[in-house]
Amino acid sequence: MGAAQLPTTEFEGMEPDDRAEAAAEATAGLPAGDMVQLLDERGVLHRHAEYSAFIDALQPDQLRRFYSDMAAVRRFDQEATALQRQGELALWVPLTGQEGAQIGVGTATEPQDYLFPTYREHGVALTRGVDLAQLLRLFRGISNGGWNPKDTNFHLYTLVLAVQTLHAVGYAMGIQRDRAADPALPPAATVAFFGDGASSEGDVHEAMVFAASYQAPTVFFCQNNHWAISVPFEVQSKIPLVNRADGYGMPGIRVDGNDVLGVYAVSQWALEHARSGEGPVLIEAFTYRLGAHTTADDPTKYRLAVEEDKWRAKDPLVRLEKFLRAQNLADDDFFAQVRADGDELAAYVRKATLAMTLPDIRSAFANVYAQAHPLVTEELEWFERYEARFAAGDSAGTTASDRTEGGAA
Ligand SMILES: Cc1ncc(C[n+]2csc(CCOP(=O)(O)OP(=O)(O)O)c2C)c(N)n1
Ligand SMILES: [Mg+2]
């Protein structure tokens, strides 16, 4: 196959407005109208035969909480980005634009559920009560994790795409067996997070086959943010992702991922379905990554500003603010307080980050295997000899023998 025949991510001759939604939707006959949306861009709440009941059950405080959580994590995201730009974090993975999807599904989970995130689920972490400052330890490069997942049932971030979908299904099968042995345990489900790009990984296929075959209580939650770094969604799938659920034999729901109430409602439905023994569900949250993939990425190199503008108009915070104001559920004082709380969170996170100290480098070697291993011990000894030369004032650093000795250079 010559280079000219390879799929391209260039947009020659394509209207950017058409590219994002139409191309993905046209092939499989699933028009945008089949996407669940309760709260539209104007802040108007619509009724839905299946899902409105979940919203009807909410108190005003809970409705306001959706907003304050989305605003808090957006402010956190800004601060973490600034910390990275100032050299305090090695890397940051922004979530701006995806707050509705993340706060919606996170709020729907129960404490006994167990969540398996990717690397971008900061909003979900917030809903689980993870200390957001601890979340930055990984990105400062001082920890392999940062928090104890057992405290919140929010697993460590996984940077290897899609493997956590298998973890989620395995854990869900464990829940099934634990409950068979002890029916007094509360019904629980797992949530497997993954992106549109990760959906192309074999791990996702295997996880879905296992989950469907064993009726594992797993909700597959795909945030289709339209980009896998610089690769657009339509390269990942020739049909809407949600349609894949049919092939595995599980219900699939496509929801407007920028509608926090819609995401909350469909997630409630899916989690109840899974917990009650009915098997897995696939949710495709149709959303958009407004910022860069990471702070090491420059999206102006592969997408057009008009596309970003189109999605900015679907902002999950703006539409909920319109709704809360129109219903007289929140006023200027509420929104001023949310901003003040966000600044307080940002100041806390900054202070905690700057106070984080470097761990002992030997812990990196100690954590490779559960028990001492001769090769790792040899590498540590080499490393310590190498470091000692700097302490002895050998400014030249490595020598030819360093580079070959021990093979660890
Ligand atoms: C197995 C594997 N392959 C490749 C990568 C490199 N990589 C990191 S993020 C990413 C894109 C993922 O896109 P998507 O699943 O849509 O998630 P998003 O980043 O958009 O949230 C790639 C290819 C990786 N981390 N792991
Ligand atoms: Mg993506």
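Just so we're clear, the structure is a prediction, and the values are computed from it rather than from any experiment.

**Structural notes on the overall build of the protein chain**
Next, step 1: Within the protein chain, the secondary structure is distributed over 18 helices and seven strands.
Next, step 2: Out of the 409 residues in the protein chain, the part that is buried amounts to 39%.
Next, step 3: For the protein chain, long-range pairs separated by at least 24 residues make up 76% of all intrachain contacts whose partners lie at least 6 apart in sequence.

**Quick look at the packing of helix 3 (residues 60-85) against helix 4 (residues 99-108)**
Next, step 1: Running from N to C, helix 3 and helix 4 cross one another at 125 degrees; their axes reach a closest spacing of 10 Å. Looking at the two axes, helix 3 sits oblique to helix 4. Like other packed secondary-structure pairs, helix 3 and helix 4 cross with a definite hand, here right-handed. Contact residues: Phe 66, Asp 69, Met 70, Val 73 and Arg 74 in helix 3; Glu 99, Gly 100, Ile 103 and Thr 107 in helix 4.
Next, step 2: For the contact of helix 3 with helix 4, the residue count by class is four nonpolar, two polar and three charged.

**Quick word on the site of ligand 1**
Next, step 1: Inspection of the region around ligand 1 gives 14 residues, with Leu 161, Gly 195, Gly 197, Ala 198 and Ala 228 positioned closest.
Next, step 2: By residue class, the composition of the shell around ligand 1 is seven nonpolar, four polar and three charged.

**Quick word on unusual backbone geometry**
Next, step 1: Here Gln 215, not a glycine, exhibits a phi torsion of approximately 50 degrees, which is positive.
Next, step 2: Looking at the secondary structure, you find Gln 215 in the loop between helix 9 (202-213) and strand 3 (218-224).

**Considerations on the sheet that holds strand 6 (residues 252-256)**
Strand pairing in a sheet is mediated by backbone hydrogen bonds. Such pairs are either parallel or antiparallel.
Next, step 1: Spatial ordering of the open sheet is given by 1-2-3-7-6, a layout of five strands whose pairing is parallel. Two strands lie at the open edges of the sheet, namely strand 1 (114-116) and strand 6, each paired on one side alone. With strand direction ignored, the average angle separating the axes of adjacent strands in the sheet is 20 degrees.
Next, step 2: One ladder, built from five bridges, connects strand 6 with strand 7 (residues 281-286); its direction is parallel. Note on strand 7: the bridge partner recorded for Asp 256 is Phe 286.

**Focus: the nonpolar core**
Where a protein is soluble and globular, its nonpolar side chains tend to be buried together.
Next, step 1: Ranked by internal contacts, the top residues of the largest apolar core, which has 89 residues, are Val 191, Ala 192, Val 219, Phe 221, Val 266 and Ile 283.
Next, step 2: For this core, the element with the most residues is helix 12 (residues 260-275), which contributes 10 residues.
Next, step 3: Residues in contact with Ala 192, not counting those within four places in the same chain, are Phe 116, Gln 164, Thr 165, Ala 168, Val 169, Ala 207, Thr 218, Phe 220 and Phe 221.

**Quick notes on the confidence of the model for the protein chain**
Next, step 1: Within the protein chain, residue pLDDT values average 91, and 88% of them lie at 70 or more.
Next, step 2: Contacts for the low-pLDDT stretch residues 14-20, under 50 throughout, to residues beyond four places or in other chains number 12 contacts.
Next, step 3: Segment residues 399-409: pLDDT under 50, and 12 contacts once partners within four positions in sequence are set aside and those in other chains are kept.

**Structural notes on the pairing of strand 7**
Next, step 1: Of all six residues making up strand 7, six are buried, and the element is well covered by its neighbours.
Next, step 2: Of the two faces of strand 7, both are covered, the one formed by Val 281, Ile 283 and Ala 285 as well as the one formed by Leu 282, Glu 284 and Phe 286.
Next, step 3: Note that strand 3 and strand 7 share six bridges and pair parallel. If you follow Cys 222 over to strand 7, its bridge partner there is Glu 284.
Next, step 4: With helix 12 bridging strand 6 and its parallel neighbour strand 7, the resulting β-α-β unit is right-handed.

**What about the environment of Thr 107?**
Next, step 1: Tracing the backbone through its elements, the reader meets Thr 107 in helix 4.
Next, step 2: Spatially, the C-alpha atoms of Thr 107 and Arg 65 are 9.5 Å apart, while their sequence positions differ by 42 residues.

**Concerning helix 12**
Next, step 1: In this model helix 12 runs 22 Å from its N-terminal to its C-terminal C-alpha over 16 residues, within 8% of the 22 Å that 1.5 Å per residue would give.
Next, step 2: Within helix 12, 13 of the 16 residues are buried, which leaves it mostly tucked inside the rest of the structure.
Next, step 3: A positive backbone phi angle near 90 degrees is found at Gly 277, which sits one or two residues after helix 12.

**Points about the packing of helix 3 against helix 15 (residues 332-354)**
Next, step 1: Packing of helix 3 against helix 15 brings their axes to within 9 Å, and their N-to-C directions diverge by 40 degrees. Here helix 3 and helix 15 pass one another in a crossing that is right-handed. The residues of helix 15 that touch helix 3, namely those facing Arg 64, Tyr 67, Ser 68, Ala 71, Ala 72, Arg 75, Phe 76, Glu 79 and Leu 83, are Phe 334, Val 338, Asp 341, Gly 342, Leu 345, Ala 346, Val 349, Arg 350 and Thr 353.
Next, step 2: Per-class residue counts for the contact of helix 3 with helix 15 are 10 nonpolar, three polar and five charged.

**Considering the pairing of strand 3**
Next, step 1: In terms of burial, strand 3 is a largely internal element, seven of the seven residues being buried.
Next, step 2: Where burial is concerned, the two faces of strand 3 agree: the one with Thr 218, Phe 220, Cys 222 and Asn 224 and the one with Val 219, Phe 221 and Gln 223 are both buried.
Next, step 3: Sheet analysis places strand 2 (residues 190-195) next to strand 3, joined by six bridges and oriented parallel. Of the residues in strand 3, the one forming a bridge with Ala 192 is Phe 220.
Next, step 4: On the question of chirality, the crossover connecting strand 2 to the parallel strand 3 by way of helix 9 is right-handed.

**Focus: the environment of Arg 244**
Next, step 1: Along the chain, Arg 244 falls in helix 11 (residues 244-248).
Next, step 2: Exposure remark for Arg 244: the 21 C-beta atoms within 10 Å place this residue in the buried category.
Next, step 3: Linking Arg 244 and Met 208, residues 36 residues apart in sequence, is a C-alpha distance of 9.9 Å.

What counts, and at which threshold
Residues numbered from 1 in each chain as written. Chains lettered and ligands numbered in written order. Predicted model: local features only at pLDDT ≥ 70, side-chain atom pairs only at ≥ 80, totals over all residues. Helix = DSSP H or I, 4+ residues; strand = E, 2+ residues; numbered from the N terminus. Buried ≥ 20, exposed ≤ 12 C-beta atoms within 10 Å, placed from the backbone. Contact = placed C-beta atoms within 7 Å. Axes fitted to C-alpha atoms, helices over the stretch in contact; angles between N-to-C directions. Parallel < 35°, antiparallel > 145°, perpendicular 65-115°, else oblique. Left-handed = near helix turned anticlockwise from the far one by under 90°. Nonpolar A, V, L, I, M, F, W, Y, C, P; charged D, E, K, R; others polar. Near = placed C-beta within 6 Å. Pairing = 2+ DSSP bridges. Core = buried A, V, L, I, M, F, W, Y, C linked by C-beta atoms within 7 Å. pLDDT = per-residue confidence, 0-100. Right-handed = clockwise from strand over helix to strand, strands pointing away. Expected span 1.5 Å × (residues − 1).

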